[in-house]
Amino acid sequence: MSTLWHGRFGDGPADALLAYTASIGFDARLAVDDIAGSRAHVQMLGDVGLLASQEVTQVLEALTQTEAELLAGDFAFVVTDEDIHTAIERRVTELAGLAGAKLHTGRSRNDQVATALRLFAKRELAVVAKDVLALQAVLLERAVQAGQSYLPGYTHLQRAQPVLLAHHLLAHGWALARDIDRLVAARERLNVSPLGAGALAGSSLPLDPALSAGTLGFNNVFENSMDAVSDRDFVAESLFVLSMIGIHLSRLGEEIVFWTSQEAGFASLDDAYATGSSMLPQKKNPDIAELARGKAGRVIGNLTGFVVSLKGLPLAYNRDLQEDKEPLFDSLDQVCLGLRAMNGLMSTIKFNQKAMAAAADDPTMAAVDLAEHLVAKGIAFREAHAVVADLVRRSEAGEAPLAELVSQNPQLGPSAAALLAPGVAVGRRSTPGSTGSGPVATQIERFGAHLEADRARLE
């Protein structure tokens, strides 16, 4: 049984070793990135004179055929293909002969794998960013459609103040905007080519890492070969960014679960984005929203597990780093699926304006408006707070409706009681970024412009 390292050993590897160390079951996902890295490496070897032009042509043709076989599902794997990188080199050597055997000149699997994984992450984080933008666009569209609809805003899951539905939806949109910033920054930091670093110390051959970096579209070349092959900060950072997106999807999911409950009744799900019960005929369940919560734990677990694997590793490469791919692949998959499912859910959800307004028109939700009314008359806020809190307490104790108590209070009176009328309080917010009609109209414009700017920078 032949391996890339068989010359060092008298006996072949044990089956148990191959079964435990093989990564071909998951890293085949890096095939196109490995081939891209190999093309750039071969072209560089030709440019510096380590491969003849005919050899370069032979190897490039073999890489093209290998890629076609992989994409068509015709590639024949063998038992010694411990990873996708080994499999591709084996096949190229079969096709190109001695020229193919020169493919690995000046290269280690250490810098080869790191290069392929960076190419993969760079591309896939851009896909995630586009999915985030698509969900933001839906939130903006629904915010515009919401008009002057309002609902209770909560703190501690207790009704606090009425807010425009548009304001509430855009709160989630702005959180996702920060995720775009993190995705862009993570892609910029990983945009460094490790190709040419070798196993850990570089090479005595006249390699030109800048040539291969330019071919692959990397902005920078590694500064330290040991760091280049052992650095997986970019994987950890990518996992963190994906975890934050998962958290934001989870928080939106929690809102949906609550809003669509019969206890709140603020919204109902489209049939296409809800599930039923195998036993209870009346049920309509918010499974997408619930899974958004559940899968957040999964992607956070991927992040946590990987950074624990990193924390004790000495320089340079260690096989522990093989554990970088599965959590990254899984988090990318789960986050993209979640973004797309939530996109559909939010595009089709129906809001119950009457139920939202009825809950938000509870007179006690305008209590702070009463206090601010007193502040405007020159009373200290802490004193105003005490006056209003006492009226709320007396009303809840059954003495009289709050509006009646406010009208009878000499410091407040009928003009203040008018603030408790349905729909009044939500329209009184006027500060920048608040939930009033004017600030929200401005916010919608600013969010739309921000969205367009993010689309432009991702392109």
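Residues numbered from 1 in each chain as written. Predicted model: local features only at pLDDT ≥ 70, side-chain atom pairs only at ≥ 80, totals over all residues. Heavy atoms only, no water.

Re the packing of helix H7 (residues 109-146) against helix H8 (residues 165-189)
The N-to-C vectors of H7 and H8 enclose an angle of 165°; their axes lie 9 Å apart at closest approach. What the angle tells us is that H7 and H8 run roughly antiparallel. By crossing handedness, the relation of H7 to H8 is classed as left-handed. The residue makeup of the contact of H7 with H8, split by class, is 20 nonpolar, three polar and five charged. (Axes fitted to C-alpha atoms, helices over the stretch in contact; angles between N-to-C directions. Helix = DSSP H or I, 4+ residues; strand = E, 2+ residues; numbered from the N terminus. Parallel < 35°, antiparallel > 145°, perpendicular 65-115°, else oblique. Left-handed = near helix turned anticlockwise from the far one by under 90°. Nonpolar A, V, L, I, M, F, W, Y, C, P; charged D, E, K, R; others polar.)

Observations regarding the packing of aromatic side chains
In total, this model carries six aromatic pairs according to the counting rule given. Both rings, one in phenylalanine 75 and one in phenylalanine 77, keep their centres 4.6 Å apart while their planes meet at 55°; by these two values the pair is tilted. Relative to phenylalanine 351, the ring of tryptophan 259 has its centre 6.0 Å away and its plane inclined at 70°; by these criteria the two rings are edge-to-face. Here phenylalanine 351 lies in strand E6 (residues 350-351) and tryptophan 259 lies in helix H11 (residues 233-259), a separation of 92 residues in the sequence. By relative accessible area, which is 18% here, phenylalanine 351 ends up buried. Three or more aromatic residues joined by ring pairs make a cluster, and in this case those are Tyr154, Phe258 and Phe266. (Phe/Tyr/Trp six-rings, centres within 6.5 Å; stacked < 30°, edge-to-face > 60°. Buried < 20%, exposed > 50% of the residue type's maximum accessible area, 1.4 Å probe, protein only.)

A closer look at the side chain of asparagine 318
With respect to the helices, strands and loops of the structure, asparagine 318 is situated in the loop between helix H12 (287-310) and helix H13 (325-348). A distance of 2.8 Å separates a polar side-chain atom of asparagine 318 from the backbone oxygen of proline 314. At 3.1 Å, the side chain of asparagine 318 and the backbone oxygen of alanine 316 are in polar contact. (Polar contact = N/O pair within 3.5 Å; in protein donor to acceptor, adjacent residues only side chain to side chain.)

Focus: the pairing of strand E2 (residues 158-164)
Strand direction decides the pairing type here: strand E1 (residues 150-155) and E2, joined by six bridges, are antiparallel. Paired with proline 152 across the bridge in E2 is proline 162. Following E1, the chain reverses through two residues before pairing antiparallel with E2; histidine 156 in that reversal takes a positive phi of roughly 55°. (Pairing = 2+ DSSP bridges.)

Thoughts on helix H19 (residues 437-458)
If you check H19, its first and last C-alpha atoms are 31 Å apart, about what 22 residues at 1.5 Å a residue would give, namely 32 Å. Among the residues of H19, those classed as buried are Pro439, Val440, Gln443, Phe447, Gly448, Leu451, Asp454 and Leu458. Considering only its buried residues, H19 is in contact with H7, E2 and H8. (Expected span 1.5 Å × (residues − 1). Contact = heavy atoms within 4.5 Å.)

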